[in-house]
Amino acid sequence: MDLFQMPDFDAHEQVMFGYDAASGLRAIIAIHSTVLGPAAGGCRMWPYAALSDAVSDALRLSRGMSYKNAMADLPFGGGKAVIVGDAREKTSQRMEAFGRLVDSLGGRYITAEDVGTTTTDMEQVARATRFVSGLPRDSARAADAAPSVAGDPGPKTALGVFLGLKAAVRFRLGRASLEGLKVAVQGLGGVGFPLCRLLRAEGASLIVADSRPGAAQRVCQEIGAVEVPAASILAQDVDVLAPCALGAILDSRSIPTVRARVIAGAANNQLARDEDGEALVRAGILYAPDYVINAGGIISVAHEYRGDAGWAQVKAEIDRIPARLTEIFERARREGRATSAVADEMARARLAQGRRRMVA
Ligand code: NAD
């Protein structure tokens, strides 16, 4: 594996491999850019089949964080960590060892939750480093607590996705309400579950799937939905598809099967390749670029880390996601281009502007 030649390398500033024999930690931290500030992005734990898969995932996710933070106007760069392993085999020792690895970067990278890691894990990480966010601070612990800047970013990501999905529906389907609209949700975890709640409250009817046994039944019972097999969720006859599981689900095989006219969901890196954005345009599907629509969590985590804003301010910033998406949709339509290409160009322009400021 030649890291520098990998297609996903994309001029990363730093890639760090960490190993801890005592806890069995095998981790990679990828820092794509610190031009706009310290690299911020979550830590994913996943049983990658090969090391090259783990490296690719870290690189793709970390570049996505640079773009996401830039587009959300946050004073942070982009980075991401992956821990190789099954989340069910997680130990507090391993998370603490990961915390030491993060700490060794002296604040160039700030971690938080992602797929396979939780607020409890971040508490373990916080024993070894202060460069961590998404912690269950006291205000966020109470079950009846009002929305808070602290704690699990999942519900805040879900809120941003919900508002962004509504903007996409307005733009593509010309409808101001979700009443009676059919939405397919793939993945019912930290983001998918609260998203289902918001969609149902607004009158959408839900078709759901999760590869985890019992996850879909819970949504059906508690919220009201129809469960379908995980293998068929992308091809459901619905108005909107909300991918909230893993990335690279939209490719040359899956796109021709998608019947939804809008794709708006939380999963990072939904497009397998950049060209798949053009395939979605040809298929008449409006795609809400993932790192723009799913920024709610990082907006919250970023302010929690800086300690510079309450929930009202965070909510106000999440409320800006629909307008940002609509600007991308309008420009993509005007220029006859993919929404993903337009968003990438806007994000890269913000990074270039930051770089110019640095050298000035
Ligand atoms: P999660 O691990 O809590 O939930 C993911 C769910 O998807 C799990 O229940 C899993 O069983 C299910 N799943 C996995 N593969 C599946 C498949 N093929 N079909 C159906 N279900 C499948 O993760 P999460 O925090 O809800 O995040 C979901 C996605 O959103 C991820 O791509 C993540 O990177 C992205 N994201 C999350 C946040 C956040 O705040 N948590 C923020 C931005 C982006």
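Everything numeric here is computed off the predicted structure, so don't read it as measured data.

A. Looking closely at the pattern of salt bridges. On inspection of all chains with the given rule, the structure shows 24 salt bridges. With its nearest N and O atoms 3.0 Å apart, the salt bridge here joins Asp276 to Arg273. On the basis of relative accessibility, which here comes to 42%, the residue Arg273 falls in the partly exposed class. In this structure, the salt-bridge partner of Arg306 is Asp308, at a minimum N-O distance of 2.9 Å. On the accessibility criterion, Asp308 (40% relative accessible area) is partly exposed. Among the charged side chains, a salt-bridge network with shared partners connects Arg44, Asp57, Lys80 and Asp114.

B. Examining the sheet that holds strand β12 (residues 286–287) more closely. Strand order in the open sheet made by the 6 strands is β9-β8-β7-β10-β11-β12, with parallel pairing throughout. Each of the sheet's edge strands pairs with one partner strand only, and the pair in question is β9 (226–227) and β12. Relative to β9, strand β8 (residues 205–209) is paired through 2 bridges, and the arrangement is parallel. Across the sheet, Val208 pairs through a bridge with Glu227, a residue of β9. Packing of helix α6 (residues 192–201) onto the sheet brings it into contact with β7 (182–186), β8 and β10 (240–243), and relative to β8 it is tilted by some 165°.

C. Representation of the environment of Arg127. Within the secondary structure, Arg127 is located in the loop between α3 (119–125) and α4 (138–141). You can call Arg127 exposed: its relative accessible area is 59%.

D. Looking closely at the domain arrangement of the protein. Once the domains are mapped, the protein shows domain 1 (3–66 + 78–132) and domain 2 (154–294 + 323–347). With 9 residues of domain 1 in contact, the opposing surface of domain 2 contributes 7 residues. When the two sides are added together, the surface that domain 1 and domain 2 hide from each other amounts to roughly 640 Å², 43% of it contributed by carbon and sulfur. Linking domain 1 with domain 2 are 0 salt bridges. Connecting domain 1 to domain 2 are 1 residue pair in polar contact (both at pLDDT 80 or more). Within the side of domain 1 that touches domain 2, the residues separate by chemical class into 3 nonpolar, 1 polar and 5 charged.

What counts and how
Within each chain, residues carry numbers counting from 1 in the order of the written sequence. Under the rules for a predicted model, residues below a pLDDT of 70 receive no local features and side-chain atom pairs below 80 are neither given nor counted, while totals for whole chains, interfaces and linings still include all residues. Excluding hydrogens and water, the side-chain figures rest on all heavy atoms present in the structure. Salt bridges are defined as contacts in which a side-chain nitrogen from Lys or Arg sits within 4 Å of a carboxyl oxygen from Asp or Glu. Between buried and exposed lies partly exposed: a residue is buried under 20% and exposed over 50% of the maximum accessible area for its type, with that area taken using a 1.4 Å probe on protein chains only. Pairing between two strands is assigned when DSSP locates at least 2 bridges connecting them. Helix and strand definitions here come from DSSP, where helices need a minimum of 4 consecutive H or I residues and strands a minimum of 2 consecutive E residues; each element is numbered from the N-terminal end. Residue contacts are counted whenever heavy atoms from the two residues lie within 4.5 Å of one another. To obtain each axis, a line is fitted to C-alpha atoms, and for helices this fit is confined to the stretch in contact; angles are then taken between N-to-C directions over 0 to 180 degrees. Start and end points for every domain follow an automatic or database-based domain assignment. Two parts lose some accessible area (1.4 Å probe) when they are put together, and adding that loss for both gives the buried area. For the purposes of these results, a polar contact is taken to be a pair of N or O atoms within 3.5 Å, where, inside protein, one atom must be able to donate a hydrogen and its partner to accept one; residues adjacent in sequence count only when each atom of the pair is a side-chain atom. Residue type decides the class: Asp, Glu, Lys and Arg count as charged, Ala, Val, Leu, Ile, Met, Phe, Trp, Tyr, Cys and Pro as nonpolar, and the leftover types, Gly among them, as polar.

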